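Topology and contacts: notes
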Amino acid sequence: MVTPVAKRQAVRHIQEALALSERRACALVGLARRVARYVSTRSDDAALRQRLRDLACQRRRFGYRRLGCLLAREGFSPNHKELFRLYQEEGLKVRHRGGRKRALGTRAPVTIPQEPGQRWSLDFVSDALICGRRFRILAVIDDFSRKNLALVADTSLSGGRVARELTALVERYGKPLMIVSDNGTEFTSHAILKWADEMKIEWHYIAPGKPQQDGFVESFNGRLRDECLNETLFTSLSHARQVLADWREDYNTVRPHSQLDGRTPDQVARQVSRGHAPETLAIPSTPSHKRTGSLLLSGYKKGGTSFDGLID
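The structure reproduced in this document is the subject of the present report.

Cut-offs applied
Sequence positions are assigned chain by chain, starting from 1 and proceeding in written order. Per-residue local features are limited, in this predicted model, to residues with pLDDT of at least 70; the limit for side-chain atom pairs, both in listing and counting, is 80 or more; totals at the level of whole chains, interfaces and linings are taken over all residues. Note that water and hydrogens are dropped before the side-chain values are worked out from all heavy atoms of the structure. We define a salt bridge as a side-chain nitrogen of Lys or Arg found within 4 Å of a carboxyl oxygen belonging to Asp or Glu. Here a strand is any run of E in DSSP of at least two residues, a helix any run of H or I of at least four, and the numbering for each starts at the N terminus. Relative accessible area decides the class of each residue, using a 1.4 Å probe on protein chains only: under 20% of the type maximum gives buried, over 50% gives exposed, and in between gives partly exposed. By this definition, two strands are paired if DSSP reports at least two bridges between them. A helix is expected to span 1.5 Å multiplied by its residue count minus one. What makes two residues a contact is simply this: any of their non-hydrogen atoms within 4.5 Å. Whenever a helix is involved, its axis is fitted only over the stretch in contact; in every case the axis is a line through C-alpha atoms, and angles between N-to-C directions fall within 0 to 180 degrees. Residues are called lining when one of their atoms sits within 4 Å of a cavity or pocket point, these points coming from a 1 Å grid over the protein atoms alone, where a cavity is a set in which a 1.4 Å probe fits but cannot get out and a pocket is an open set with protein on both sides within 12 Å along at least five of seven lines. Grid points are joined across faces, edges and corners, and a volume is the space filled by probe spheres set on the points. Each residue gets one label: Ala, Val, Leu, Ile, Met, Phe, Trp, Tyr, Cys and Pro are nonpolar, Asp, Glu, Lys and Arg are charged, and the others, such as Gly, are polar.

A closer look at the pattern of salt bridges
Counted according to the given criterion, the structure contains 19 salt bridges. Residue Glu186 pairs with Arg136 through a salt bridge whose shortest N-O separation is 2.6 Å. With Glu186 in the loop between β4 (178–181) and α8 (190–199) and Arg136 in strand β2 (residues 134–142), this residue pair connects regions lying 50 residues apart in the sequence. Of the residues examined, Glu186 reaches a relative accessible area of 14% and is grouped as buried.

Structural notes on the environment of Tyr38
Positionally, Tyr38 belongs in the loop between α3 (33–36) and α4 (46–58). When the C-alpha positions of Tyr38 and Pro4 are compared, they lie 9.7 Å apart, and in sequence the two are 34 residues distant.

A few points about the pairing of strand β1 (residues 119–128)
Judged by how many residues are buried, β1 sits mostly within the fold: 8 of 10 residues are covered. When β1 meets β4, the two strands line up parallel, connected through 3 bridges. Across the sheet, residue Arg119 finds its bridge partner in β4, namely Met178. Strand direction decides the pairing type here: β1 and β2, joined by 9 bridges, are antiparallel. Within the sheet, the bridge partner assigned to Ser121 lies in β2 and is Ile141. In this structure, the hairpin formed by β1 and β2 is closed by a connection of 5 residues, where Gly132 is found at a positive phi of approximately 100°.

Regarding helix α10 (residues 237–253)
Note on helix geometry: an α-helix contains 3.6 residues per turn, so any two residues three or four positions apart are oriented the same way. Relative to the 24 Å expected for 17 residues at 1.5 Å per residue, α10 spans 24 Å between its end C-alpha atoms, a close match to the ideal helical length. Each element contacted by the buried residues of α10 is listed here: β2, β3 (148–154), α7 (159–173), α9 (215–227) and α11 (265–273).

As for the sheet that holds β2
The sheet built from 5 strands is open, its strands ordered β3-β2-β1-β4-β5 with mixed pairing. For this open sheet the edge positions go to β3 and β5 (202–205), each flanked by a neighbour on one side alone. Taken over all neighbouring pairs, the strand axes of this sheet differ in orientation by 20° on average, direction set aside. Here α8 sits on the sheet and contacts β4 and β5; the angle it forms with β5, its principal contact strand, is near 140°.

Describing the layout of surface pockets
Roughly 350 Å³ of internal volume is contained in the second largest pocket. Contributing to the lining of the second largest pocket are 17 residues, with Arg61, Phe62, Gly63, Arg66 and Val94 lying nearest its centre. When residues of the lining of the second largest pocket are traced back to their parent elements, those giving at least two are α5 (64–73) and α9. In the lining of the second largest pocket, the residues fall into 4 nonpolar, 5 polar and 8 charged.

Given below as structure tokens:
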């Protein structure tokens, strides 16, 4: 019984149970009479609370900061302290799922491209239908704007199929300077090697067992699994494709991105196209190199040694 609220409740209980005066009850509890008579004038924020609950119900894996971005778009303007208080009072805290232990060590910072469309990252994610049948998802993102370019779901995704999907993306978004992937069999197949050679696109493979070197798509995969795959039971492959298409549209146009200062990938891409690059996407300075190229990479390894370079 240390808070004023608890002491006020104790004073009321003593008055009702023992029929004592307010003066005597406050003296026993150690509470000033003016504090006992205090009536809060704070608004209950009913509309804000209700909208916060609705958004948290729709997006169960969003924390209070990301929910605050969505509320701001709708005209609500609580500061971060008020929003956090309401978030806690409503019991909306995101339950953290357990994960495997990760090795600790020094990690070199990875810089990002200077414009959209310069570097893409690829990776596979797997899931299953309710009948137990497994399927895979090819995820392709733009490392600068974090835009998800494609989510291709199928029971089999060979190297030739990946090449065809990349060709369609090149026709739609233009040709990137570099593509980054792991050393999976699909990405090291003859079909991909031939495609990269014909398209004149640099293909960079991360070091085996070093997924942090492909951190952009790995982070995206985590969001995809946490907010979509783990939240949905897929009845069929067509159902999975429709859900993934809806989630991709929401991710690119609605979902606020913490690394983009609460903006969406589409908003960042439009700003850059108008010549206003966001400050949060600036390339860190690298004194040991002159920036004569259009794409700067660091933190990768090639042949067991550090690899920093410029791609013209």
